[in-house]
Structure formats: C-alpha cells, structure tokens
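As a plain string of letters, each chain reads:
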2 protein chains.
Amino acid sequence: MGYQPNAIAQGLVKKETKTIGLIIPDITNPFFPEVARGIEDAAVEAGYTVFLCNTNWNAEREERYLNVLMQKQVDGLIIGPSSEEVSHLGKILDSGIKTVFISRAINHANSTCIIIDNVLGAQQAVEYLIQRGHRKIAFVGGREDISTNRERLQGYTQALSNNGLALDESLVKTGSFKRDSGYFIMNQLLKSEACNRPTAVFAANDLLALGVIQAVKENGLSIPSDMAVVGFDDIEFASLPEIQLTTVAQPKYDMGKLAFSTLMELMRGGGYSSGRKILLDPVLVIRETG
Amino acid sequence: MGYQPNAIAQGLVKKETKTIGLIIPDITNPFFPEVARGIEDAAVEAGYTVFLCNTNWNAEREERYLNVLMQKQVDGLIIGPSSEEVSHLGKILDSGIKTVFISRAINHANSTCIIIDNVLGAQQAVEYLIQRGHRKIAFVGGREDISTNRERLQGYTQALSNNGLALDESLVKTGSFKRDSGYFIMNQLLKSEACNRPTAVFAANDLLALGVIQAVKENGLSIPSDMAVVGFDDIEFASLPEIQLTTVAQPKYDMGKLAFSTLMELMRGGGYSSGRKILLDPVLVIRETG
DNA sequence: TTGTAAGCGTTATCAG
DNA sequence: CTGATAACGCTTACAA
C-alpha cells in the first residue's frame, strides 16, 4: 500500500546499509566507467547500491568523500586511489571498514587490492617496440607520484636494459594522465633536433597516447613510419578504425566484477582474503600505431 | 579525538542528508561523465555528496535505484531518464522529493527539466547537409521510444520539408544509442543499390556516428566525399584529429552545473522554479566528416 | 500467534 | 547557560 521503509532508520539499527562506495579519480577517462560498470553489475545482482564518487585526482576531495561515505556507514568501499598520500587512506583501513583497492596498491600491510601487472605490461610494450627495430624510445607518463606511473616506467627501463639499451633521461617525461598532457609533452619532445628525436613512444595510458598522436600528426610526421606509438589500457576508442592504437589491454569490466566479489568476501567476514594482492595479466594488443 | 558523527542518526532526526542521487542511463557514453562532472563539481562546492547510479538503459534498474535512493532519503535527485515509461517516475514526483530531469523531459506537469533543443539542433545539422548539396540523407537513430530520439527525428523531417525534400522512410532507421548499433544500421543501409543509397547520414548521437563511419570505411567508401556524416553531442573524442566529426554540440559540463543549481533552488523551497523547463541552445560544430 | 517495549546515535527542546 | 530527555522510524526480542 505504497509504504516505503525508511532505509535510514533501518541502517541505524541493522548496522548494515546494503550500500557500497566507489571512489575513482577520473570519470572522464573511459577506463574507469568500464570498471565501474563491472562493479555496478555485480553489486546490483547482489542487492547492493553503489555510490560512485569522482575525485578528479584531488586528494582533498578524496578524503572528503571518504569521510562522508564512512559517516554514512557504507558496508564497503572500492577505491581507485588518486594519490599515494596514504595518511587518510590508512585511517580507513584501521577503522576496520572493508575496502578493496583497484588499479593501484597502497602501502599498507593488509590492504586488499586488485591490480594489473604494470611492470610486465610496460615491458611487453617496450620490448615489442625494440623488436621492431626502435632504439630511441620515449616514455610519456602521467603523474610522477602515482605508482601506476612508476611501475610502467620501471617496465620501460627494464625492457631497455634487458636489451642492452641505455636509458636516456631526456626521453622520459611525465605530466598528468590526460590527453592534453600527452599533446604538450610530445610537442616538447619534437622540438629537439631530428637526429636526437625518438622514433617511438610508449605512453603510460591511452589518453596520453591520443595526445601524443595528435602532436605527431600536427608536426607533419606519420604514424607509425616516422613515430610508433603504444598506449596502455585499451579504452574503447583505441579500437576505432581511425585510431587503431597498439596498446596494453587491461580486463576492465572483469576487474570491476572481481573487485566487487572480493569486497563481498571481505564483508561476509572472510578474513582470509584480507591483505590479498590480486595481480592480473595484461595483454599487448597490436594494431597499427606501433 | 577521532570522533566521527554518525550521518545515519543525523539524517534520521534532521531529515536532511546532504546527499543527492544522480541517475544516468549510460556511464560508458562520454556525454554523461561530462555532465556528471559538472554536477559533482557544483555539489561538492555546496557541501553535498552525489551518488551516481548507472541504469544501463534498463527501466527496472532505474526503478530500483529510485526506490533505494528514496529510502535513503536523498535530499534531491537528478535524473537522466532511461525510458519514457513514467509510471515509476511519476510516483517520485508525487512523493514530493525534489527532482531535476536532464537531457530529456518527461510527461508530468510540474517536472523541472534541463534539456537541449533537440529539434533545433537536428534541424541545423540536416539543413547544413542540404546546403552542401545532399538530397538523400539518412537518419540513424537510437531507441525509438526515447524522446531525445523522437525530437531529433522531428528536426530531421522538419529540415527536409522546409527544403521541399520528401521523407524517404527507408532512410530512417533506429536501434540503440551505441556504436555497434550505428555500425549495424549503416551496413544495412549500404546493402541497397548504389543509386538508392544516401549520400549523407545524420546520426542521433556521436557514438552512433562513430559506428556509421566505421561501416562506411569498411565498405571502401570515403568520408565525406562518398558519405557525409554528422553526429550529436560533441563528445571529447569527436574532436580528435583522426575523427574530426561534424556534430551538434551540447554544453555538457555547464548543463551539469545548471542542473545542480536548479536542484538547489528546488531544495531551498523555491517553489517558483518547480515545473520549469530550461531549454538550452545547441551549436553546430563543423569539422571534416560532413 | 500477535503485540508491546527497548534501543540504535543523534539533535532539539525544555527544565533547572 | 547547562544538562537531562524525548523523539526520529525502524527492527527485534520477548512477553502475553
């Protein structure tokens, strides 16, 4: 007869809200909506509502969302951390609220996280480039303080040294994980004498790669003959016929599903899964830009 | 001293949760993240937390989210409806919860909504195509039962009749608002005899246009000489140098900000803004596909 | 089986 | 001005 139970009062007594919070750094990067969809599909199926919060790579905003969600007694949290500044994140862990980290680990002993093997992925990408004959390969990265970036950089340097190539610091540039940053960095890289220029670029994500490609084309060079470009993530647009970006694919949607089921285990009290690090395998998708 | 007020108990007595719900049909379509960001930025500034829910164009899921959000006593709701089936939406309005509809109006007397003039936008796009000499222009639409689609179709037919062109039913096709749907429809359209083929396509959104373009290219035709394509929305990827999609732009981010400030007015009890329909102006962005 | 009372963590009100 | 207390709407446990 039109009666709606009041979930607030319910939550007060049951100490369970059938609600989880999802915090991501950039809803505008197609990578995150894809994992969010995986999480949401799994959550809906299990009777949960997910509250998606976007921090815009802003640590303050992240902390604020964290507090609000905790106050609101969400039963669990899935966080794609926007910084390595773990002081506020550590507080969460210690407060006992069930949390799963995605896409990047944080420095906390028993944090549960689901990440991709960034080192391996980057290494595969760069080794592929080397195989194709490239010797001067640039690294165009995102934010320096983000582990994702550090790990992909590590894979890059590892691939170089595995193949007896020296690391040229002038070919390593970082900015933010956005398209305009890739565009800006690549334009800088192209300013140097033609003989010192890289012949290939490994970009730390697809958005950066898209910016790199734009800069390359605007400078009258063609891809991949003058400049090979490889990205990371395999967002949907990477497969467009006009783009055909060679990139390291992450299982985005499945990562989301896995994140929720792992959180579910945690919430059900399966303490054994706490502190678990789940490492997923990347796969290099070869298309036409590199 | 580490004390966190319990927002649940607070909400119970204060009947205010400093929380709003945002329901959108497809987080995977870059159009929505962009408006969500506008909403979120405005909300955070005003001390609100926004709970983003993605219905996947699924009316059942929409209703479910609606109920949960109502139970949770969100102070307000911003909804991008995923269907015109307003029975459950009407219930919401009648329950008195402050609501702003975005991107499509619903059939309810005093609903407040922020929409773009779809008829005008489509008309501009198609008239541009006619101006460029096209006589056989196809309409590739999204879901038939969505007003957005109907209105854009209406603009299309209006542009034709304004210019003394007959409406050819065989050139009007609808599916869903996704890329694969555009791809599928265009392939069908290209099956007909070359002489009956359209020379231009107006797609009801950019995702569809991207699918159309893919089909056209795979059939060995070039754009825009063999087939001109115009989209709708102006998502970020439309401006990529490889894409350069001609499209009808919507002020996505500002639409989000406006949606929140309008909701704020409603929540503050400014009854005068209830039932208001805010109609935004589209602008045709001419690039290289048409 | 049906009904009543206690308590969840706040805030707001009303005596003192 | 301060400190005790009712009330918010529900669930659950226990008594009738």
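Our structure's up above, just so we're on the same page.
Residues numbered from 1 in each chain as written. Chains lettered and ligands numbered in written order. Predicted model: local features only at pLDDT ≥ 70, side-chain atom pairs only at ≥ 80, totals over all residues. Heavy atoms only, no water.

What follows covers the relation of the copies chain A and chain B. Placing chain A over chain B gives an RMSD of 0.1 Å and needs a rotation angle of 180°, together with 0.0 Å of translation along the axis. Such a combination of rotation and displacement between the chain copies is what one expects of a two-fold axis. Here 98% of the contact residues of chain A are again contact residues in chain B; the copies associate through an equivalent surface. (Least-squares fit on C-alpha atoms with pLDDT ≥ 70 in both. Contact = heavy atoms within 4.5 Å.)

Further remarks concern the nonpolar core. Grouped together as the largest cluster of nonpolar side chains are 187 residues, with contacts concentrated most on I20, I78 and M186 of chain A together with I20, I78, M186 and F202 of chain B. Those residues in contact with I20 of chain A that lie beyond four places of it in its chain are I39, Y48, T49, V50, F51, V74, G76, I78, F260, L263 and M267 of chain A. (Core = buried A, V, L, I, M, F, W, Y, C linked by side-chain atoms within 4.5 Å. Buried < 20%, exposed > 50% of the residue type's maximum accessible area, 1.4 Å probe, protein only.)

This part covers the interface of chain A and chain B. The interface of chain A with chain B comprises 53 residues on the first partner and 53 residues on the second. Buried surface at the junction of chain A and chain B, both sides included, amounts to about 4900 Å², of which 58% is carbon and sulfur. Broken down residue by residue, the surface that chain A buries against chain B is led by I8, F237 and E242 of chain A, which jointly contribute 13%. Taken together, the links from chain A to chain B amount to six salt bridges. Note that K217 of chain B and E242 of chain A form a salt bridge whose closest N and O atoms lie 3.3 Å from each other. For the pair chain A and chain B, the number of links is 14 residue pairs in polar contact (both at pLDDT 80 or more). Of all elements in the fold, only helix 1 (7-14), helix 2 (31-45), strand 2 (49-54), helix 3 (59-71) and helix 8 (206-218) of chain A reach the threshold of two or more residues within the side of chain A that touches chain B. Residues belonging to the side of chain A that touches chain B are distributed by class as follows: 26 nonpolar, 16 polar and 11 charged. (Buried area = accessible area lost by both parts, 1.4 Å probe. Salt bridge = Lys/Arg side-chain N within 4 Å of Asp/Glu carboxyl O. Polar contact = N/O pair within 3.5 Å; in protein donor to acceptor, adjacent residues only side chain to side chain. Helix = DSSP H or I, 4+ residues; strand = E, 2+ residues; numbered from the N terminus. Nonpolar A, V, L, I, M, F, W, Y, C, P; charged D, E, K, R; others polar.)

On to the protein's contact with DNA strand D. As a structural note, the neighbourhood of DNA strand D is formed by Y3, Q4, P5, N6, A9, Q10, V13 and K14 of chain A together with L12, V13 and K15 of chain B. For DNA strand D, the fraction of protein-proximal atoms (within 4 Å) that sit in sugar or phosphate groups is 84%. The contact in question runs from a phosphate oxygen of DNA strand D to an N or O atom on the backbone of N6 of chain A, over 3.1 Å. One nitrogen or oxygen atom from the side chain of Q10 of chain A is found 2.6 Å from a phosphate oxygen belonging to DNA strand D. Put simply, the parts of the chain that give the surface near DNA strand D at least two residues each are helix 1 of chain A together with helix 1 (7-14) of chain B. Element by element, the count of residues in the surface near DNA strand D is highest for helix 1 of chain A, at four residues. Residues belonging to the surface near DNA strand D are distributed by class as follows: six nonpolar, three polar and two charged. (Near = heavy atom within 4 Å.)

Moving on: a nonpolar patch on the surface. Residues L12 and V13 of chain A together with L12 and V13 of chain B make up a contiguous nonpolar surface patch of roughly 360 Å² in combined accessible area. Elements with a minimum of two residues in the nonpolar patch: helix 1 of chain A together with helix 1 of chain B. As for its position among the elements, L12 of chain B is in helix 1. Note on L12 of chain B: relative accessible area 32%, which makes it partly exposed. (Patch = residues over 30% accessible without salt bridge, like charges linked within 9 Å, V, L, I, M, F, W, Y side chains within 5 Å. Areas by Shrake-Rupley, 256 points an atom, 1.4 Å probe, with all protein chains shown as cover.)

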